[in-house]
Amino acid sequence: HADCETRRRRLVMLSTLKSRVESDTADGLVARIELAFRLPRFPPWFFRESMTKLDEQTGILIHEHRFPNIGTVSWIKQVERNYSREQKPATSKEAKEAAAQLYPALCLRIAAELARQDIHHRAKAIVVNGWVEHNDSATGHLRRSYCASLFADKAQVESLDLSQLVPLDAFHALKGNAAKTSSLTPIAPVLRLDTSDPRFVEPRSVLDRSADGENLASMNWEDFEHLCRELFERAFASSGAEVKVTRASRDQGVDA
């Protein structure tokens, strides 16, 4: 019985995903993109962490994706020796040249995938923002910074032949911006996802003014919501999570 119930739940989940992926809505486009980046055709080192949003008024598709931290990449090269291949560390010049191509190549490949998934032609332009996690040299804390940004008309992206172009040349032709050294140099994205929303209320700190041993059952309900927001935000701060409290509504308790 348990196996049948598990199978039933999986079938329901697959049916829901299928309906979402086949939809011609903005949500359907986002679902196809999310699914595409989880397929095995991308290399093992390719991060799956991303966020996508289509601005339906402007037709701009914005995609933010986690990139490798170029400052921590170890570059190797394949050397032919006696009918076999051997891996050797790249020279500093070779590593610098490869590093210069990495972020542009990733932006172009991701942009091409975004355009390919827009089968219902909802997007007019595409934005790809690459970000990395790194330790802030001023604080030692883990933080997130943008390392590459590309904004192009969808038609421009569709006209690219990825198998023939030189990533750095194509990226520059599209006025892309990326960190230019082997050590991370954060850049400002052309456009970024807007997380502002009129449904959100201004956050306030509750933890700092809470008394030791305070009974949560007697806490004001609004303070309790903000307390939960603080706890979740602290718990997931290292992964770049952002927690908001929504305005009071009849949403059956879904308030953050």
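Please refer to the structure placed before this passage.
Calculation rules
Residues numbered from 1 in each chain as written. Predicted model: local features only at pLDDT ≥ 70, side-chain atom pairs only at ≥ 80, totals over all residues. Heavy atoms only, no water. Buried < 20%, exposed > 50% of the residue type's maximum accessible area, 1.4 Å probe, protein only. Helix = DSSP H or I, 4+ residues; strand = E, 2+ residues; numbered from the N terminus. Pairing = 2+ DSSP bridges. Polar contact = N/O pair within 3.5 Å; in protein donor to acceptor, adjacent residues only side chain to side chain. Contact = heavy atoms within 4.5 Å. Core = buried A, V, L, I, M, F, W, Y, C linked by side-chain atoms within 4.5 Å. Expected span 1.5 Å × (residues − 1). Bend = angle between axes of the 7 residues up to and from the residue. Phe/Tyr/Trp six-rings, centres within 6.5 Å; stacked < 30°, edge-to-face > 60°. Lys NZ or Arg CZ within 6 Å of the ring centre and 35° of its normal. Salt bridge = Lys/Arg side-chain N within 4 Å of Asp/Glu carboxyl O. Patch = residues over 30% accessible without salt bridge, like charges linked within 9 Å, V, L, I, M, F, W, Y side chains within 5 Å. Areas by Shrake-Rupley, 256 points an atom, 1.4 Å probe, with all protein chains shown as cover.

Peer 1: Describe the pairing of strand S4 (residues 84-89), naming the residues involved and giving the relevant values.
Peer 2: Of all six residues in S4, zero are buried, a share of ten percent or less. Summarising the sheet, strand S3 (residues 76-81) and S4 pair through six bridges and their orientation is antiparallel. Counterpart to Val79 in the pairing with S4 is Glu86. Where S3 hands over to S4, the hairpin turn is made up of two residues, of which Asn82 adopts a positive phi near 50°.

Peer 1: So what about the side chain of Glu230? Which residues, and what values?
Peer 2: Take Glu230: it is sitting in helix H6 (residues 221-235). For Glu230, the side chain forms a polar contact with the main-chain nitrogen of Val206, separated by 2.5 Å. With residues up to four places along the chain from it excluded, the contact list for Glu230 reads Arg204, Ser205, Val206 and Leu207.

Peer 1: Could you give me a rundown of the nonpolar core, with the residues and numbers involved?
Peer 2: Phe67, Tyr103 and Leu114 are the most contacted members of the largest nonpolar core, which totals 34 residues. Where this core is concerned, the elements lending two or more residues are helix H2 (26-36), helix H3 (92-117), strand S5 (125-135), strand S6 (142-153) and helix H5 (167-173). For this core, the leading source of residues is H3, giving ten residues. Apart from residues no more than four positions distant in its own chain, Leu114 is found in contact with Ile33, Phe37, Leu61, His63, Ile126, Val127 and Val128. Counting residues in each nonpolar core, the second largest holds five residues, with Ile60, Ile62, Ala125 and Val127 among its members.

Peer 1: So what's going on with H3? Which residues, and what values?
Peer 2: Look at H3: 38 Å from first C-alpha to last across 26 residues, which is about the 38 Å you get at 1.5 Å a residue. At Leu102, H3 is deflected by roughly 25°, the largest bend along its length, and proline Pro104 occurs up to four residues later in sequence.

Peer 1: Please set out the sheet that holds S5 residue by residue, giving values where relevant.
Peer 2: On the basis of which strands lie adjacent, the open sheet formed by five strands has the order S1-S2-S5-S6-S7 and mixed pairing. Strands at the two margins of the open sheet, each flanked by one partner only, are strand S1 (50-55) and strand S7 (177-178). Two elements, S1 and strand S2 (residues 60-66), share six bridges in a ladder whose sense is antiparallel. Paired with Met51 across the two strands is Glu64, which belongs to S2.

Peer 1: Just give me the short version of the packing of aromatic side chains, but keep the residues and values in it.
Peer 2: For the structure on display, the rule yields four aromatic pairs. With 5.5 Å between their ring centres and 50° between their planes, Phe37 and Phe42 make a pair best called tilted. Like Phe42, Phe37 is buried. The structure contains a cluster of three or more aromatic residues connected by ring pairs, namely Phe37, Phe42 and Phe46. Looking at Arg66, its charged tip hangs above the ring of Phe47, at a distance of 4.1 Å from the centre.

Peer 1: Could you give me a rundown of unusual backbone geometry, with the residues and numbers involved?
Peer 2: You will see that His121, though not glycine, has its phi angle at about 55°, which is positive. Tracing the backbone shows His121 in the loop between H3 and S5. Classification of His121 as exposed rests on a relative accessible area of 63%. Notably, Lys175 is not glycine yet its phi reads approximately 65°, a positive angle.

Peer 1: Which residues make up the pattern of salt bridges, and what values do they have?
Peer 2: A complete count under the given rule lists 15 salt bridges for this structure. Close ionic contact of Asp27 with Arg20 constitutes a salt bridge, the shortest N to O distance being 3.0 Å. Classification of Arg20 by relative accessible area gives partly exposed; the value is 28%. When salt bridges that share partners are traced, they join Arg41, Arg109, Glu113 and Arg116 into one network.

Peer 1: Before we move on, can you summarise a nonpolar patch on the surface with the specific residues and values?
Peer 2: A surface patch of nonpolar side chains, about 210 Å² in accessible area, is lined by Phe151, Val190 and Leu191. Its place among the elements puts Phe151 in strand S6.

Peer 1: Outline the environment of Ala188, listing residues and values.
Peer 2: Note that Ala188 resides in the loop between S7 and strand S8 (200-201). Note on Ala188: relative accessible area 59%, which makes it exposed. Residues Ala188 and Ala148, spaced 40 residues apart in sequence, show a C-alpha to C-alpha distance of 8.2 Å.

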